[in-house]
Amino acid sequence: MKYIIRSLIILFIAQYSFTAQAQTKKERRQQAKYLSSFEGQTLNNNTLPVLMPFNRWIDPAGEQIYFGDKDAENHAMDCAISPDGKWLAIEGRYSIVILSAENNKIEKRTTLKELLNENAMNTFSGISWRKTGKDYEIYWSATNKKDKSYAVKATWDGKKLKLTKTFNFATVPPAENALPNEVCITEENGIPFLYVVLNGNNTLEKLNAETGELQWSVNTGVAPYGVIKTAGKIYVTNWAGSTPDENDTNVAGVPWGKAKVSPETGATREGSVYVYSPSSGELLKEIIVGLHPNDIISSPDENYVYVANANSDAISVISTKTDKITETIHVKLGEEENPYFGDSPNALTISNDGNTLYIAMGMDNAVATVSLGKNAATNSQNDESEIEGFIPTGAYPGGLSISNDNRLYVSNIEAEGARIPTVSEETGITSYNTHRMMASVSIIPLPDKMQLKQYTKRVKEANQYFRIALSQKMPRKNIAPVPVPARVGEPSVFKHVVYIIKENRTYDQILGDNEAGDGEPSLCIFGKKITPNIHKITKNFVLLDNFYASGKSSAEGHQWTDMAMVTDYIEKNVRAWFRSYPHVQDDALVYSPTGFIWDNARQHGKKVRIYGEACVPEFDKDATWESIYNGFKNGEKFEFKNKTTINPVENILSPNYPGYDSHKIPDVLRADAFIHELREYENQPGDQWPELIVIALPNDHTGGTRPGLPTPRAMVADNDLALGKIIEAISNSRFWRNTAVFVTEDDSQAGWDHVSSYRTVGLVASPYTRFDQANHTNYNQVSMVRTIEQILGIPPMNIQDATAMPMFDCFNSTPDVSPYISVPNNIPLNEMNKDLSQLKGPALHYAKKSMHPQFDHIDAGNDALFNRIVWFAANGKKPYPAKYSGKDDDDDDD
């Protein structure tokens, strides 16, 4: 069956590729529907291949091993083969897994709760082995995110993993977590020593591995990640390079410090490798490499080290004799035809003879095999290193290990996405949530040349690589304007795009009661009564019931909405969010070097205005929701100041529209600020309204049942009314005829959906978007960004939007400029949560939970618990979907 599905995929893609250059809109629509209807049927297949919600098929080679707690969001971060090749140690987010290399069976899975007797998570990578007599020692790093960070030492006797020692690291301010990561275990003069990088403290530590005694501690660059000892020296990679000089004007905030950043995008502009003396810790050399250097490994003869630069799509090769770069290997899928950033090389392993390098290509869902040249390997006969091909893996490979030069082990951070079903015992309805997924490891026999060639073709097909060529076609002359041009640079009927980003809802939560689409009413908790405007917008314009968020949480979601991709930093932090939760774009380590959608627009001559995205409002801490709302109703000015860490955003950020990360500001206040500016633009001569408008509209996130805030349904109603008023104002303006409005949730993490955990609300409104039926085409956030770019005549930013399908069939050829009329709210916006004194039982329990400091900010707390709170607020004692698939997540004491 697997191979039949794969053959169908190849056939469908090939046919679409052949005809996608069709000149007529009708042909494009037919082909888009042809492929997308098939894709839409496989979003929740449990049989490989499966589709991820960003236009990528997961079609891994070899055998797939799965592990994890089905009630959790599991990720496989790294893996390492034992010195004798008998065992594979896998570093999961919550556990250590030992797999037998003889039969590919999991011998033991031990959670950190069992091992350390507390809730903790493993960090980014770096699990390592040491053989000691009959047993093995295994080392790695973990943290409880509160007051403990440690390297862990355990023994493995072939049956049991036993904790023998933890090496504890104190947090050094301004860091909030010492955050140990990669470890290196060595023996010097018969004494075992442990080298540990502290990603939070920005230090390298050397300890006696037996006694735990600290030998020395030295400063590194910003956010050190990888460490290796080779050729008598210690090499450390620094995600953000060296600490900025005091006179450096291009710096920005990263958690617990600052980093050198690009003045064009605000992303980090430097990566580095520091070289140290093992005996003294003296810094011997600083080597500037590519951006966001991750894994670092040595050649078997110790003459070279290799560094994976995830944000440069390149590998730096360093001679250990000179400590200089001898070659930079650019690694891209289809390098000759692919000018776009975004393959994300992030982990490495090497053959025993030192001539073949294997590279985990995160965003390609593949491993690249590279034949090393004479400047990268001692005995190579090649002048330069060459990419031999690609091997398909699970989603976002983040760790590699090779055994006996015949088997490759790959830890897949995203595995196959969130696909664990929950089945109701009462209704039989299946539903999905983004925080339920298994982890996976791929076990792949190394291919011969013919097999590698077939694998490479498979990787390209899985990545829908054919669309790259379509994205680069030159615009044709004398082409009549259409809503979404076939080629970048051809004319559109639209001049302006309004892009609205909301917060955290599934399709079924809002539109599950809409009979025109594929909805499940039992999962609809904010239906037509609470969201009349969303329902009317889908009726007046178009209903999209096959639209998907590309990430699982807001920290991922705002990168997909703003950049059309996530960087390696996000994938390494996923679910744990050790350093930051960057839903408001306040961490320069997160950003793509190619920038955001607003950077892309400005670089191509478009005017941009941002309303509330990528900023946080600062205002009177004593203000309450009620005081702000009552002041707004009375016509009083709300005093605040937006703060952003992205310098290029400062000049295009509206000072009148408050950002978010606080539950206290009503969305109707935000809508009023936008409408006021819109009218000011209308009063100016000509058309000076910016071509790209980006709006954050966050209150459908809600604040749970916390006293002092409106009820969840009131906050969703506030969000719905604000959206309706914004679209009404635009449709009544003189800009309406040439304006398209796109709306998406940033993610779907705060609820359940019967089709997919990623399915969310996507809206399109324009004079050319008037349909009387639902659109079932498979689209996602990257499709939406690509459509915006296509309309504005700007090229894709990266490999993700370059291979996305524009939303062609959301538009027709005949305009209807009649305005949208918003619907009044049915729920009072000031319907407040009750005080604790008025509550008892579950209501009191969940109100107390809502008051926990973790929920002070949007998306800052436990998502699973918050889902329960919102579900209870909407449904009372109606059983929560998770009841049928595992334990509660809120069983701690009040």
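Our structure is the block above this text.
Here goes a summary of the coordinates provided. (Residues numbered from 1 in each chain as written. Predicted model: local features only at pLDDT ≥ 70, side-chain atom pairs only at ≥ 80, totals over all residues. Heavy atoms only, no water.)

## Here's the deal with the overall build of the protein
Summing up its helical and strand segments, the protein has 18 helices and 46 strands in all. Taken over the C-alpha trace, the protein has a radius of gyration of 27 Å; the compact-globule value for 894 residues is 29 Å, and the two agree within 12%. Its C-alpha atoms put the protein at 80 × 70 × 60 Å along the principal axes. Burial analysis of the protein (894 residues in total) assigns 66% to the buried set. Taking as baseline every contact in the protein between residues at least 6 positions apart, the subset at least 24 positions apart corresponds to 66%. Carbon together with sulfur atoms contributes 47% to the accessible area of the protein, which is approximately 31,200 Å² in total. The averaged location of the 111 negative side-chain charges in the protein is 3 Å from the averaged location of its 90 positive side-chain charges. (Helix = DSSP H or I, 4+ residues; strand = E, 2+ residues; numbered from the N terminus. Rg over C-alpha atoms; globule rule 2.2 N^0.38 Å. Buried < 20%, exposed > 50% of the residue type's maximum accessible area, 1.4 Å probe, protein only. Contact = heavy atoms within 4.5 Å. Areas by Shrake-Rupley, 256 points an atom, 1.4 Å probe, with all protein chains shown as cover. Lys, Arg positive; Asp, Glu negative; His and termini not counted. Charge placed at Lys NZ, Arg CZ, Asp CG, Glu CD.)

## Points about the sheet that holds strand E39 (residues 608–611)
Ordered by their spatial adjacency, 5 strands build an open sheet running E39-E42-E36-E43-E44, and the pairing between neighbours is mixed. Strand pairing shows two members of the sheet lacking a second neighbour, E39 and strand E44 (762–765), which therefore form its edges. The average undirected angle you get between the axes of adjacent strands in this sheet is 10°. Here strand E36 (residues 496–502) pairs with strand E43 (residues 739–745) via 7 bridges, running parallel. (Pairing = 2+ DSSP bridges. Axes fitted to C-alpha atoms, helices over the stretch in contact; angles between N-to-C directions.)

## Regarding helix H7 (residues 532–540)
An α-helix turns once every 3.6 residues. As a result, residues three or four positions apart point the same way. Buried residues of H7: Pro532, Asn533, Ile534, His535, Ile537 and Thr538, and no others. Here the buried face of H7 lies against E36, helix H6 (507–511), strand E37 (543–544), helix H14 (712–731) and E44.

## Some thoughts on the pattern of salt bridges
Within the structure shown, the criterion is met by 32 salt bridges. For Glu137, the salt bridge is made with Lys153, and the minimal N-O distance between the two is 3.7 Å. Within this pair, whereas Glu137 is found in strand E10 (residues 135–143), its partner Lys153 is found in strand E11 (residues 149–156), the two being separated by 16 residues in sequence. The same class applies to Glu137 as to Lys153, namely buried. Because the salt bridges share partners, they merge into one network encompassing Glu73, Glu414, Lys552, Glu556 and Arg575. (Salt bridge = Lys/Arg side-chain N within 4 Å of Asp/Glu carboxyl O.)

## Here's the deal with the packing of H7 against H14
Orientation of H7 relative to H14, taken along the N-to-C sense of each, is 40°, at an axis distance of 7 Å. Relative to H14, H7 is oriented oblique. Of H14, the residues touching H7 (which contributes Pro532, Asn533, Ile534 and Ile537) are Asp720, Leu721, Leu723, Gly724 and Ile727. Among the residues forming the contact of H7 with H14, the class breakdown is 6 nonpolar, 2 polar and 1 charged. (Parallel < 35°, antiparallel > 145°, perpendicular 65-115°, else oblique. Nonpolar A, V, L, I, M, F, W, Y, C, P; charged D, E, K, R; others polar.)

## Considering the packing of aromatic side chains
Under the counting rule described, the total for this entry stands at 28 aromatic pairs. Judged by centre distance (5.4 Å) and plane angle (80°), the ring pair of Trp577 and Tyr581 falls under edge-to-face. Overall, the relative accessible area of 11% leaves Trp577 in the buried class. Judged by relative accessible area, which is 16%, Tyr581 ranks as buried. For the ring pair Tyr591 and Phe596, a centre distance of 5.1 Å and an interplane angle of 65° mean the geometry is edge-to-face. (Phe/Tyr/Trp six-rings, centres within 6.5 Å; stacked < 30°, edge-to-face > 60°.)

## As for the nonpolar core
Counting 89 residues, the largest nonpolar core has Trp598, Leu692, Phe742, Met807 and Phe811 as its most contacted members. Once residues within four sequence positions are removed from consideration, Phe742 is found in contact with Val497, Val498, Tyr499, Ile500, Leu763, Val764, Met784, Thr787, Ile788, Ile791, Met807 and Phe811. In terms of nonpolar packing, the next biggest core, distinct from the first, is built from 61 residues, Leu523, Phe541, Ile695 and Phe872 among them. (Core = buried A, V, L, I, M, F, W, Y, C linked by side-chain atoms within 4.5 Å.)

## Thoughts on the packing of helix H8 (residues 554–563) against helix H15 (residues 781–792)
At a minimum axis distance of 8 Å, the contact between H8 and H15 shows a crossing angle of 25°. In terms of orientation, H8 and H15 fall into the roughly parallel class. Between H8 and H15, the residues in contact are Gly557, Trp560 and Thr561 and Gln781, Val782 and Val785, respectively. Per-class residue counts for the contact of H8 with H15 are 3 nonpolar, 3 polar and no charged.

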